[in-house]
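A look at the structure
For reference, the chains in residue letters:
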Amino acid sequence: MNVPAPTAMETPPTVRPFQNADAPAVARLVTGGVRGHWTSAPEQFRESDDPDELRLVAERGGEVVATLRLGPFGPGTPDALRLDLAGDGSAFTALYLTALAGLPDGFTRLLGVTREDWPETMGFFHAAGFRNAWQSWGAHLELGGFDPGRLRPLEERLFLRGYEVGRLGPDTSETDWAALHTLHELGIRDAPRNPTTTPELLTREELRATVLREEAAFVVRFRGAVVAVTRLTPGGRAVESEQTVTHPDHRSRGLATLVKSSALAWARAEGYVRAGTGGTVLNLPMLRVNVRLGYVAEPMWVTWEGGMTGPH
């Protein structure tokens, strides 16, 4: 794997292991690195005894200017380590070379995730010889401009064919929870995905607890049976889509559009102002649904893949 060389004008940073005292600086760098798309708090960063995790910082003049974390990517990719970098891009090479000397055993590849409009990480992964392996999309919808009435003809047409929209709640029957879990499994089985868009497979009880505790789930029933679902997670003044699935026997009829439109209408009526969604670029059916609903695409997320080379 190639490694980008520092320019002659750069002062080489001092690289050392992360310490708890670095947490405020690291939180600031990570939050800045993602352009405030989410906020990291200092308490999220602590020294770890986990042999599969590595945290480093780079200093210049006694100030922490960049940070690196290596750790298991997730259960869907058990052979991969995730490489996260934030801060001054000119310090990334020094952090990376130090990390290569201490890679944990049992992994065969490195994955890094960044957005295409974040030049410091995009430039590093490209220069270091990583492969642009997968792309994911994000999109948002300003709910103030969302008109659920625009899709009323679709709702009426499907109603005449036996389809009705509803919401799950505490009084939902065991039959409906079983159907919801079946759809959850089908969605994970059938939906195109990549390492960053692989959802966690939940048991029926885990799914029910998650929906009742923190989500709003909307379904389409056909003659009483649940055949499509979409789930939203509210947070602040926004909602985020979790999973939209239609049973294979009822696909290509507009049910995903119908159930997602109903969920967005609920969110708008509840006072939420923005909706977010996303997924792999391979999932063309869901891309079409979101375009139809009025979502605006954002810059793509890129997952980079590299081999485990270097001193180990």
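Scroll up to find the structure.
Now for a quick tour of the structure. For clarity, every value in this text was computed on a predicted model and none was experimentally measured.

1. Let's talk about the overall build of the chain
Secondary structure assignment for the chain yields eight helices and 13 strands. By residue count, 47% of the 312 residues in the chain fall in the buried class. In the chain, 73% of the contacts between residues at least 6 apart in sequence involve partners at least 24 apart. Taken as a whole, the chain presents about 15,300 Å² of accessible surface, with 52% of it coming from carbon and sulfur.

2. A few points about the environment of Thr246
Along the chain, the position of Thr246 falls in strand S10 (residues 238-246). The exposure class assigned to Thr246 is buried, which follows from its relative accessible area of 10%. Taking the C-alpha atoms as reference points, Thr246 and Leu183, 63 residues apart in sequence, are found 7.0 Å from one another. In this view, Thr246 contacts Leu183, Val227, Ala228, Arg251, Leu255 and Ala256; residues no more than four positions away in its chain are not counted.

3. Overview of helix H1 (residues 23-33)
In terms of burial, H1 is a largely internal element, eight of the eleven residues being buried. Every buried residue belonging to H1 is among Ala23, Ala25, Val26, Ala27, Leu29, Val30, Thr31 and Gly33, and all of these are buried. Here the buried face of H1 lies against strand S2 (54-60), strand S3 (63-72), strand S4 (80-87) and helix H3 (119-127). Backbone geometry just downstream of H1 places Arg35 in the positive-phi region, at approximately 55 degrees.

4. Some points on the nonpolar core
Among the nonpolar cores identified, the biggest contains 31 residues, and Leu143, Val220 and Leu264 are the most heavily contacted of them. Sorting the residues of this core by element identifies strand S6 (131-142), helix H4 (152-160), strand S8 (216-222), strand S9 (225-235), helix H7 (255-269) and helix H8 (284-293) as the ones contributing at least two each. Broken down by element, this core gets its largest block of residues, eight residues, from H7. Discounting chain neighbours no more than four positions away, the residues touching Leu264 are Leu141, Leu143, Phe146, Ala275, Leu293 and Tyr295. One finds Leu70, Phe92, Leu103 and Phe130 within the second-largest nonpolar core, a separate group that totals 26 residues.

5. A look at the pairing of S8
With six of seven residues buried, S8 lies mostly within the body of the structure. Pairing of S8 with S9 involves seven bridges; the strand directions are antiparallel. Residue pairing for S9: Arg221 is matched across the bridge by Val226.

6. Details of the pattern of salt bridges
Scanning the entire structure with this criterion turns up 22 salt bridges. Between Glu174 and Arg208 there is a salt bridge whose closest N-O contact spans 2.6 Å. Of this pair, Glu174 sits in helix H5 (residues 174-190) while Arg208 sits in helix H6 (residues 204-214); the two residues are 34 residues apart in sequence, bridging distant segments of the chain.

7. Digging into the packing of H7 against H8
The geometry of H7 relative to H8 is characterised by a closest axis approach of 10 Å and an angle of 45 degrees between their N-to-C directions. Comparing the axis directions of H7 and H8 gives the class oblique. For H7 against H8, the interelement crossing comes out right-handed. Between H7 and H8, the contacting residues are Ala256, Thr257, Lys260, Ser261 and Leu264 on the first element and Met286, Val289, Asn290, Arg292 and Leu293 on the second. Considered class by class, the residues forming the contact of H7 with H8 number five nonpolar, three polar and two charged.

8. Things to note about the packing of helix H2 (residues 92-100) against H3
It is the contact of H2 with H3, at a shortest axis distance of 11 Å, that shows an interaxial angle of 50 degrees. As summarised for this structure, H2 and H3 are arranged oblique, according to the angle between their axes. For the crossing formed where H2 meets H3, the hand is right-handed. Counted together, Phe92, Thr93 and Tyr96 of H2 and Glu120, Thr121 and Phe124 of H3 form the full contact between these two elements.

Calculation criteria
Residues numbered from 1 in each chain as written. Predicted model: local features only at pLDDT ≥ 70, side-chain atom pairs only at ≥ 80, totals over all residues. Heavy atoms only, no water. Helix = DSSP H or I, 4+ residues; strand = E, 2+ residues; numbered from the N terminus. Buried < 20%, exposed > 50% of the residue type's maximum accessible area, 1.4 Å probe, protein only. Contact = heavy atoms within 4.5 Å. Areas by Shrake-Rupley, 256 points an atom, 1.4 Å probe, with all protein chains shown as cover. Core = buried A, V, L, I, M, F, W, Y, C linked by side-chain atoms within 4.5 Å. Pairing = 2+ DSSP bridges. Salt bridge = Lys/Arg side-chain N within 4 Å of Asp/Glu carboxyl O. Axes fitted to C-alpha atoms, helices over the stretch in contact; angles between N-to-C directions. Parallel < 35°, antiparallel > 145°, perpendicular 65-115°, else oblique. Left-handed = near helix turned anticlockwise from the far one by under 90°. Nonpolar A, V, L, I, M, F, W, Y, C, P; charged D, E, K, R; others polar.

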